[in-house]
Amino acid sequence: VQLQASGGGVAQAGGSLRLSCAASGRTFGWYAMGWFRQAPGKEREFVASINWGGASTSYADSVKGRFTISRDNAKNTMYLQLNSLKPEDTAVYYCAIRSTYSSDIYYNAGAYDDWGQGTLVTVSS
């Protein structure tokens, strides 16, 4: 499946952004998805994940209470709402999808098979 991430940009600390991840190429709604991010000079890290139906979600401690992951299977699109942004949220954000069905959610980057190209979020203080 092909993933296209969008919605990144520049925001001030305390501001908000909404990222989207549009999927094409095969049935979207059967697979768990996730968001990861990579800041300059750092390794890619888990941000949030959502199961195939959207009923189960999980967040990294650093974003819990500020970010919200969701998906619209009818539109083949996953979202990440970023609120109360902090300068340390500055990173390239990547979306990812598994290629095998499961009702679980996944935290490891290695569990995902296809990745989007990333969208840059810059938060100024």
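Residues numbered from 1 in each chain as written. Predicted model: local features only at pLDDT ≥ 70, side-chain atom pairs only at ≥ 80, totals over all residues. Heavy atoms only, no water.

Visitor: Help me get a handle on the overall build of the chain, residues and values and all.
Guide: Helix and strand content of the chain: 0 helices and 11 strands. When the helices and strands of the chain are listed from N to C terminus, the series reads β-β-β-β-β-β-β-β-β-β-β. Its C-alpha radius of gyration of 13 Å places the chain within 12% of the 14 Å reference for a compact globule of 125 residues. Once the C-alpha set of the chain is aligned to its principal axes, its extents read approximately 40 × 25 × 25 Å. Counting every position in the chain, which comprises 125 residues, the buried fraction comes to 46%. Summarising the internal contacts of the chain: among those between residues at least 6 apart in sequence, 60% fall at separations of at least 24. Computed over 11 positive and 9 negative side-chain charges, the separation of the two mean positions in the chain equals 4 Å. (Helix = DSSP H or I, 4+ residues; strand = E, 2+ residues; numbered from the N terminus. Rg over C-alpha atoms; globule rule 2.2 N^0.38 Å. Buried < 20%, exposed > 50% of the residue type's maximum accessible area, 1.4 Å probe, protein only. Contact = heavy atoms within 4.5 Å. Lys, Arg positive; Asp, Glu negative; His and termini not counted. Charge placed at Lys NZ, Arg CZ, Asp CG, Glu CD.)

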